[in-house]
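Residue-level structure breakdown
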Amino acid sequence: MRGEDLETTGQLWGTVLAVQANFYRVQLDLEDKGDKEDTGNPSPHPPLSPSPPLSSPHPPLLLCTRRTRLKKIGQQVMVGDRVVVEEPDWAGGRGAISEVLPRRSELDRPAIANVDRILLVFAVADPPLEPYQLSRFLLKAESTGLDVVLCLNKSDLISTEQQREISDRLASWGYEPLFVSVNQSININKIATSLKEKITVIAGPSGVGKSSLINALIPNANLRVGEISGKLARGRHTTRHVELFEMPDGGLLADTPGFNQPDLDIAPEELASLFPEARQRLAVESCRFSDCLHREEPECVVRGDWERYQHYLDFLEEAILRQTHLNQQADPESTVKAKTKGKGQTKYEPKLESKKYRRVSRKTQLQELQELYRDEE
Ligand SMILES: Nc1nc2c(ncn2[C@@H]2O[C@H](COP(=O)(O)OP(=O)(O)OP(=O)(O)O)[C@@H](O)[C@H]2O)c(=O)[nH]1
Ligand SMILES: [Zn+2]
């Protein structure tokens, strides 16, 4: 609804790279990048007008505010948003966001809009590749509904024979891993090429070389590798600070806060669809019961001797436990809420608020970010 009427008026388009206090750092599109847009915008972008200084080969960055009109209609601006910028002040590097295009996707942890893919990084050794942990991360990544690319780092530590074994094994899981070595610059260019023109979020457990990889892909990102200071800096920023880094050949990359055991807030009935092995089976046949959980049910097409079937059962149990726990929580919580409201006891409120958020929505972090915006207005 917004795209069309902007088409003829020569607006500036850009992508929000970071939110700093109540400013948004916006990377403007270069003219020749116009054809990359696919957010319901039918034709390439209009040329930049008025033109930014042409001295730099990089797309211009502007620190922008959000137009009052957007605040009035409650339109939030997220990192990753495609926006229209008005009144550029090239000398001062400032501008104002006047429109936010509809989002293609919205991730809540980290809170980024329009992410195209998740780059899941694991190491083949040091730390050892743990199938169960890998499964957990893969499920978490699959649950976003985005493309998942699996990258196995530190390939310098194993033989080609061992690589082939891992490859075959993961092929049976439905994945085709890309073996890389940041230390020996193996396949780094391949990753860079595959990330061009896309917004990618990098994820994976601690110590696998994510910071090293980001530094190799983006020489000026300056993440300190394997240093306490670097880890602390990342830790400190995990809740609120989200930033997209520009890759030299195009594309944007975001780091995720390091976590070793991502939460799987997945409904039991959703779980099978996150396993490529189960998806393949369900694509050609159906279970007898449409609500089959693929355990003991008769005429189940998913149950079988595929390697990760046991993972499926374990994660299913976890999902069922979680659901039961949530259901149990639901009732007492609402009583407490009513009581608190009736008496107007403010001292209970903060606790209640955070609980309510946790139960109602997975978008806790997004909400935190939105509250941050509200605070600052
Ligand atoms: N052998 C080998 N070691 C590597 C490679 N890439 C990174 N490392 C080492 O692995 C260690 C961890 O690397 P980091 O980049 O800090 O890992 P990380 O995933 O960012 O870790 P967190 O910050 O804890 O999330 C460092 O000592 C790196 O030097 C590689 O390709 N081969
Ligand atoms: Zn079944």
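The shown structure was predicted, so the numbers you read here are calculated from the model rather than taken from an experiment.

The protein atoms that coordinate the zinc ion (ligand 2) are Cys 287 (SG), Cys 292 (SG), His 294 (ND1) and Cys 300 (SG), at distances of 2.0 to 2.3 Å. In this structure, the zinc ion (ligand 2) is coordinated by four donor atoms arranged in tetrahedral fashion, with angles at the metal of 104 to 115°. Sequence positions of the residues that donate to the zinc ion (ligand 2) give the spacing C-x4-C-x1-H-x5-C. Accessibility classification places Cys 287 together with His 294 in one group, the buried group.

Nonpolar side chains tend toward joint burial in soluble globular proteins. Of all hydrophobic cores here, the largest spans 46 residues; its most connected members are Val 26, Ile 97 and Ile 112. Each of domain 1 (11-29 + 57-102) and domain 2 (112-224 + 239-255) accounts for three or more of the residues forming this core. Beyond its immediate stretch of four places on either side in the chain, Ile 112 contacts Met 78, Val 79, Gly 80, Ser 105, Glu 106, Leu 107, Ile 199, Val 201, Val 242, Leu 244 and Ala 254.

So, about the domain arrangement of the chain. Segmentation of the chain into domains returns domain 1 (11-29 + 57-102), domain 2 (112-224 + 239-255) and domain 3 (271-327). Tallying the contact residues gives 15 residues for domain 1 and 10 residues for domain 2. Interface area for domain 1 against domain 2, summed over the two sides, is near 910 Å², with a carbon-plus-sulfur share of 53%. Considering only the side of domain 1, the residues that lose the most area to domain 2 are Leu 17, Val 79 and Gly 80, jointly responsible for 43% of the buried surface there. Our enumeration of links across domain 1 and domain 2 arrives at one salt bridge. Arg 25 is the partner of Glu 243 in a salt bridge, and the nearest nitrogen-oxygen pair spans 3.0 Å. In this structure, the connection of domain 1 to domain 2 is made through five residue pairs in polar contact (both at pLDDT 80 or more). Of all the secondary structure elements, the ones that give two or more residues to the side of domain 1 that touches domain 2 are strand E1 (12-20) and strand E2 (23-28). At five residues, E1 tops the list of elements feeding residues into the side of domain 1 that touches domain 2. Each residue belonging to the side of domain 1 that touches domain 2 can be placed in one class, and the counts come to eight nonpolar, four polar and three charged.

Tallying each qualifying case throughout the model produces six aromatic pairs. Geometrically, the ring pair formed by Tyr 132 and Phe 315 is stacked, given 4.9 Å between the ring centres and 15° between the ring planes. On the criterion of sequence distance, the pair formed by Tyr 132 in helix H3 (residues 131-142) and Phe 315 in helix H9 (residues 309-343) is long-range, its members being 183 residues apart. Residue classification places Phe 315 among the buried residues on the basis of a relative accessible area of 1%. Between Phe 275 and Tyr 312, the aromatic rings sit 5.7 Å apart at their centres with planes inclined by 80°, giving edge-to-face as the arrangement. In this pair, Phe 275 is assigned in the loop between strand E13 (252-255) and helix H8 (276-284) and Tyr 312 in helix H9, connecting sequence segments 37 residues apart. Assigned by exposure class, Phe 275 and Tyr 312 land together as buried. One aromatic cluster in this structure is built from Phe 275, Trp 306, Tyr 309 and Tyr 312.

Rules used throughout
Residues numbered from 1 in each chain as written. Chains lettered and ligands numbered in written order. Predicted model: local features only at pLDDT ≥ 70, side-chain atom pairs only at ≥ 80, totals over all residues. Heavy atoms only, no water. Donors = N, O, S within 2.8 Å, 3.2 Å for Na, K, Ca; no water. Tetrahedral: all angles 85-135°; square planar, octahedral: opposite > 155°, others 65-115°. Buried < 20%, exposed > 50% of the residue type's maximum accessible area, 1.4 Å probe, protein only. Core = buried A, V, L, I, M, F, W, Y, C linked by side-chain atoms within 4.5 Å. Domains from an automatic or database assignment. Contact = heavy atoms within 4.5 Å. Buried area = accessible area lost by both parts, 1.4 Å probe. Salt bridge = Lys/Arg side-chain N within 4 Å of Asp/Glu carboxyl O. Polar contact = N/O pair within 3.5 Å; in protein donor to acceptor, adjacent residues only side chain to side chain. Helix = DSSP H or I, 4+ residues; strand = E, 2+ residues; numbered from the N terminus. Nonpolar A, V, L, I, M, F, W, Y, C, P; charged D, E, K, R; others polar. Phe/Tyr/Trp six-rings, centres within 6.5 Å; stacked < 30°, edge-to-face > 60°.

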